[in-house]
Amino acid sequence: MRAVGIWGMGSENPATSTMVRRVNENLVLSIMRKHKELSRSDIQRLTSLTYPTVSKAIASLLEQGLLIESGEGESRGGRRPRLVRFDADSGLLAGVEVDKSRIRIAGFSLDYQLVAKCTLPLPDTNPETVRSCIVDGVTCIKTEAGEKRTLYGVGVGCPGMVHPKTGRVISRSTLRWAEPVDVAEEVSQWLEVPVFIDNDINVAALGEMFTARREELESWAYISVATGVGSGIVLNRQILRGFAGGAGELGHVSVNHKGAVCSCGSRGCLENYISSQAVSQRLGIGGDYSECFRILRSRVKAQDAEAVEIYRETVDYLAIAIISILNLLNP
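Small disclaimer: the values here were computed from a predicted structure and weren't measured. (Residues numbered from 1 in each chain as written. Predicted model: local features only at pLDDT ≥ 70, side-chain atom pairs only at ≥ 80, totals over all residues. Heavy atoms only, no water.)

Any chance you could explain the packing of aromatic side chains here in plain terms?
How two aromatic rings sit relative to each other is set out by the distance from centre to centre and by the angle between their planes. The tally for this structure, following the rule as stated, stands at one aromatic pair. Centre to centre, the rings of tyrosine 273 and tyrosine 317 are 4.5 Å apart; their planes meet at 35°, and the pair counts as tilted. Here tyrosine 273, found in helix H7 (residues 271-274), pairs with tyrosine 317, found in helix H10 (residues 305-329); they are 44 residues apart in sequence, far enough to count as distant. The buried category is assigned to tyrosine 273, whose relative accessible area is 18%. (Phe/Tyr/Trp six-rings, centres within 6.5 Å; stacked < 30°, edge-to-face > 60°. Helix = DSSP H or I, 4+ residues; strand = E, 2+ residues; numbered from the N terminus. Buried < 20%, exposed > 50% of the residue type's maximum accessible area, 1.4 Å probe, protein only.)

How should the sheet that holds strand E1 (residues 37-39) be read in this particular structure?
In space, the three strands of this open sheet follow the order E1-E3-E2, with antiparallel pairing throughout. Single-partner strands in this sheet number two, and they are E1 and strand E2 (67-72). The mean inter-strand angle of the sheet, taken between neighbouring strand axes irrespective of direction, is 35°. Bridging between E1 and strand E3 (residues 82-86) involves three bridges; their strand directions are antiparallel. The residue bridging leucine 38 from the neighbouring strand is valine 84, located in E3. In this fold helix H2 (residues 40-47) packs onto E1, E2 and E3, with an angle of close to 95° to the strand it touches most, E1. (Pairing = 2+ DSSP bridges. Axes fitted to C-alpha atoms, helices over the stretch in contact; angles between N-to-C directions. Contact = heavy atoms within 4.5 Å.)

It is not clear to me how the sheet that holds strand E11 (residues 220-225) should be interpreted in this structure. Could you clarify?
Working definition: the strands of a sheet are paired by backbone hydrogen bonds and lie parallel or antiparallel to each other. Pairing is antiparallel in the open sheet, where three strands are placed in the order E11-E12-E13. Looking at strand neighbours, the two that pair on one side only are E11 and strand E13 (238-239), the edges of this open sheet. Where strand E12 (residues 229-235) lies against E13, two bridges are found, and the strand directions are antiparallel. Bridged to valine 234 within E13 is isoleucine 239. Here helix H6 (residues 200-207) sits on the sheet and contacts E11, E12 and E13; the angle it forms with E12, its principal contact strand, is near 45°.

Structure, rendered in structure tokens:
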């Protein structure tokens, strides 16, 4: 008796077929990204796909310009194998960092080599201004990188919580958005490429996958201390997001239950003690807080007693939070 597919009598769902083809192409592409140049037989061996499937995937990737024919390899007793090579310079990936006063954009080749970058001032944090600035910046990067590179996607790191299902950004403190904002969908429509968005510290944490020690890492925590205090937590190479994207809010771990009331409603939050704004206020620095840690360091070197006390308390409070992460998650 002939098997019947779930989509009808002996039929194949077109969406399923397309999805399978893309999965196979992505698998071949990931192998090529790692090995740079291989024969079709090598790819079949490394992927465990059938030879016809490998040939179809390669044909599609050649047509897209992601692979190129690169000649013949050494004979292993028969015909010399035809080689294909991953063309990292055929495409462009854009990374965007959103801050309250500027947007930084970088363009990378498909093997993650920097090829272009620019910084644009952000006149205000109105959602429309942010979206428009991202589009302008990515357009600038495309021009600088050259017409031969195809833009394949944009990744955006944004301060605040990013809902893991809707992709909407909740950034009440840094960007002052009272309601959740959909940044990615509209930018994607303007640029006509996929746009992915996540919390900026989560993005930085995931970036550790591309360091020299990437093969050793399975779980880790990335901690940022600046205007705010946050952490990106990676467990088994997957970012920990939480139900609504709020995991890793290290700045709102209470380190003093009798401390000052925080804007979040809790007391003694870490951010109130070690953020650049908090340290600046204790040092008597007004205006721009970005230099506070450099100033603190120089004053500690000069053996300024007040600065030494601030430094020690900052380290103690941060240590309490880090030990909490270690004991809870064991990264």
